[in-house]
Amino acid sequence: MRFFTLKVVEVRTETADTVTVAFKQPGLKKVKYQAGQYLTLMFRINGRRYIRPYSFSSAPLIDVNLEVTIKRLPGGVVSNHIIDTLKVDDMVEVMEPMGDFTLNEAALTPSTHIVLWGAGSGITPLMSIAKYALHKNLAAHVTLVYGNRNAESVIFLDKIKALQTQFGSHFSAWHFHTQPAIAPENPNLLQGRINPEKVLSVMKSEDKLANTIHYICGPSGLKESVRAALTGLGVSVNNVYSEDFEVVRDPAEFEGIITRSVSVTLNGVTNRVEVVKGKSILEAGLDALLDMPYSCQTGNCLVCKGRVVKGGVKMIGVQKLPEGLAKGESLLCSSFPLTDGCVIEID
Ligand SMILES: Cc1cc2nc3c(=O)[nH]c(=O)nc-3n(C[C@H](O)[C@H](O)[C@H](O)COP(=O)(O)OP(=O)(O)OC[C@H]3O[C@@H](n4cnc5c(N)ncnc54)[C@H](O)[C@@H]3O)c2cc1C
Ligand code: FES
C-alpha cells in the first residue's frame, strides 16, 4: 500500500451541504487513478484516527488537480470535520487510489451507450466517469440520470449543463426531484424518485438501449430498482456495475451473534477487544483505540483483512468477496465473532 501527503489547493462550495476539495498532484510521486475510483483520506480528530474513502469527482488526464466531493452527513465525524475545518494549504494523508467501479475500456465499442444512475453524493464517481468517457470519446452516448431533493441540492448542476453544451448530442441528463419544481421548463426534469422504467422506455423507443453499460451509485433502493428494470428488459447483469457508499446488512443475518471477547494481534501486540453485539470486529477494535487498517468499510478493498487463527467469524453484508483473500483470512470491517475466544492476527 502506498501513502501520499497531499496539499489542499482549493475548497469549493458546491451546495449548502457539499464541498469539493482539490489537492495538488505531487511534483514527483504522481497519484495515478482511474475514473470511478476513490481516494482514502486519513485524519486525526480528537486524538483518534479516522479513515474515509471519497470517490474522485475529477477525471484523470482531464482535471489538473485531484478532486473529491464531500456531502455533510448529519452527526458524521469526518464529513463535518472536512466541511467545517479543512482549508487551503492544509496537508492530508491519503492512501493510494482504490476501487473497481471503473470503465472497462476494453469492452467499450464506438456504439456503446454509457448510462449513469445516481442520487445525492452518488454523483461523484459518475461525474468522473462521464467527463473521462466524453473527453476521451469512448462511447457513442453518455446518459446521466440523477435524483435529488430539488434544484438547490443538485451537486455539479453547472458542470452538468457545461457538459451538455460542450458535448451536445453525445450527452444527455435526466433530473428527478422529489420536491415539486415551481416552474419546470426542462422536459428532462421529472418529479419524484428516479423512475428507471420511464427513462428506459424512452431509451428503448429511441433504440438507445442496445449496447448499454450501466453504472449505479446511490442508496440501495436505487440500485435494486435500476437492476430490476434492466433485468426486465434483458440487459445482461455483466453490463451493470454499482458502487456502495455504505453497507446495508440484513438483521436476520445477525441471528446467533452475541457480544464476545476477541483477541486481536496488531503489529505483534495482542489486545483483548470486547465486540459488542452488532459491531464488527473492526469497529470494536477502533473503539478500543487500536490503529487497525481499513478504508471502505463495505467489504470491497481488502485493507482490513486479518487471519482468523482460532474460533469462527461470520462475514455479513459483503456483496462479492474481493479477489486476494487467502484461506483463513476475513474482512474485519464485515466480520462478527461466532465463537468465544476468537484469535485474529493482522500483518
Ligand atoms: C467507496 C466509497 C466512496 C465514497 N465516496 C463518497 C463521496 O464521493 N462523497 C461523500 O460525501 N461520501 C462518500 N462516501 C462516504 C464516506 O466515506 C463517509 O462514509 C461519509 O462521509 C460519512 O462519514 P462521517 O465520518 O461523516 O460519518 P460517520 O461518523 O462515519 O457516520 C455516521 C453514521 O452514518 C452512517 N453512514 C455512513 N455513510 C452514510 C451515507 N452515505 N448515508 C447515510 N448514512 C451513512 C454510518 O453507518 C454511521 O452510522 C464513500 C464511501 C465509500 C465506501
Ligand atoms: S475496509 Fe475495505 S474491505 Fe474492509
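Up top is the structure these notes are about.
Let us look at the structure shown here. (Residues numbered from 1 in each chain as written. Chains lettered and ligands numbered in written order. Predicted model: local features only at pLDDT ≥ 70, side-chain atom pairs only at ≥ 80, totals over all residues. Heavy atoms only, no water.)

### Things to note about the environment of Phe 43
At step 1: Its location among the elements puts Phe 43 in strand E3 (residues 38-45).
At step 2: Judged by its relative accessible area of 8%, Phe 43 falls in the buried class.
At step 3: Along the chain, Phe 43 and Lys 159 lie 116 residues apart, while their C-alpha atoms are 29 Å from each other.
At step 4: Phe 43 has contacts with Arg 48, Arg 49, Tyr 50, Val 78, His 81, Ile 82, Leu 86 and Val 92, leaving out every residue within four places of it along the chain. (Helix = DSSP H or I, 4+ residues; strand = E, 2+ residues; numbered from the N terminus. Buried < 20%, exposed > 50% of the residue type's maximum accessible area, 1.4 Å probe, protein only. Contact = heavy atoms within 4.5 Å.)

### Looking at the site of ligand 1
At step 1: Of all residues adjacent to ligand 1, which total 21 residues, the nearest are Pro 53, Tyr 54, Val 78, Ser 79 and Thr 124.
At step 2: Here an oxygen atom of ligand 1 sits 2.8 Å away from a polar atom, N or O, in the side chain of Arg 52.
At step 3: Note that an oxygen atom of ligand 1 is positioned 2.6 Å from one of the side-chain N or O atoms of Ser 79.
At step 4: Out of a free accessible area of 910 Å², ligand 1 has 73% covered by protein chains.
At step 5: Counting only elements with at least two residues in the shell around ligand 1, the list comes to strand E4 (48-55), strand E5 (66-71) and helix H1 (77-85).
At step 6: For the shell around ligand 1, the element with the highest residue contribution is E4, accounting for 4 residues.
At step 7: Grouping the constituent residues of the shell around ligand 1 by class yields 9 nonpolar, 7 polar and 5 charged.
At step 8: Among the domains, domain 1 (3-98) and domain 2 (105-243) are the pair contributing at least three residues each to the shell around ligand 1. (Near = heavy atom within 4 Å. Polar contact = N/O pair within 3.5 Å; in protein donor to acceptor, adjacent residues only side chain to side chain. Areas by Shrake-Rupley, 256 points an atom, 1.4 Å probe, with all protein chains shown as cover. Nonpolar A, V, L, I, M, F, W, Y, C, P; charged D, E, K, R; others polar. Domains from an automatic or database assignment.)

### With respect to the nonpolar core
At step 1: In this structure, Leu 103, Ile 114, Leu 116, Leu 144, Phe 171 and Tyr 215 are the most contacted members of the largest nonpolar core, which totals 31 residues.
At step 2: Ranked by the residues each element gives to this core, the list is headed by helix H2 (residues 123-135), at 8 residues.
At step 3: Leave out the neighbours within four places in its chain, and Leu 144 touches Leu 116, Ile 123, Leu 126, Ile 160, Phe 171, Ser 172, Ala 173 and Trp 174.
At step 4: Ile 281, Met 292, Cys 296 and Leu 331 belong to the second largest nonpolar core, which has 30 residues in total. (Core = buried A, V, L, I, M, F, W, Y, C linked by side-chain atoms within 4.5 Å.)

### So, the pairing of strand E1 (residues 3-15)
One face of the sheet, then the other: side chains in a regular strand alternate in exactly this way.
At step 1: Across 5 bridges, the pairing between E1 and strand E6 (residues 91-98) is antiparallel. Directly across from Phe 4, in E6, lies its bridge partner Val 94.
At step 2: Examined bridge by bridge, E1 and strand E2 (residues 18-23) share 6 bridges and lie antiparallel to one another. By the bridge assignment for E2, Arg 12 is matched with Thr 20.
At step 3: Counting the residues between successive antiparallel strands, the hairpin from E1 to E2 contains 2 residues. (Pairing = 2+ DSSP bridges.)

### Observations concerning the packing of helix H4 (residues 196-205) against helix H5 (residues 220-232)
At step 1: Closest axis-to-axis distance for the H4/H5 pair is 9 Å, and the angle between their directions is 35°. Between H4 and H5 lies a crossing whose hand is right-handed. Contact residues: H4 offers Pro 196, Glu 197 and Leu 200, while H5 offers Ser 225, Val 226, Ala 229 and Leu 230.
At step 2: Taken together, the residues of the contact of H4 with H5 sort by class into 5 nonpolar, 1 polar and 1 charged. (Axes fitted to C-alpha atoms, helices over the stretch in contact; angles between N-to-C directions. Left-handed = near helix turned anticlockwise from the far one by under 90°.)

### Concerning H4
At step 1: The set of residues buried in H4 consists of Pro 196, Val 199, Leu 200 and Met 203. Axial view of H4: buried residues confined to an arc of 90°, hence all on one face.
At step 2: Contact partners of the buried residues in H4: strand E7 (113-119), strand E8 (141-148), strand E9 (171-177), strand E11 (212-217) and H5.
At step 3: Asp 207, located one to two residues past H4, shows a positive phi value of around 60°. (Arc of directions from axis to C-beta.)

### A short note on H1
At step 1: Among the residues making up H1, those that are buried are Val 78, Ser 79, Asn 80, Ile 82 and Ile 83.
At step 2: Next to the buried residues of H1 lie E2, E3, E4 and E5.

### Some thoughts on the side chain of Thr 20
At step 1: Residue position: Thr 20 is located in strand E2.
At step 2: Within the structure, Thr 20 has its side chain in polar contact with the side chain of Glu 14 (distance 2.6 Å).
At step 3: The residues contacting Thr 20, other than those within four sequence positions of it, are Glu 10, Val 11, Arg 12, Glu 14, Ser 57, Glu 67, Val 68, Thr 69 and Phe 156.

### Here we look at the side chain of Asp 90
At step 1: Along the chain, Asp 90 turns up in the loop between H1 and E6.
At step 2: Within the structure, Asp 90 has its side chain in polar contact with the backbone nitrogen of Lys 87 (distance 3.0 Å).
At step 3: Among all residues touching Asp 90, those that are not within four sequence positions of it are Leu 6, Lys 7, Val 8 and Thr 85.

### A short note on the sheet that holds E2
At step 1: Taken together, 6 strands build an open sheet; the order of strands is E4-E3-E6-E1-E2-E5 and the sheet is antiparallel. Strands at the two margins of the open sheet, each flanked by one partner only, are E4 and E5. When the angles between neighbouring strand axes are averaged without regard to direction, this sheet yields 40°.
At step 2: Pairing of E3 with E6, which is carried by 4 bridges, proceeds in the antiparallel orientation. Bridge assignment links Thr 40 to a residue of E6, and that residue is Met 95.

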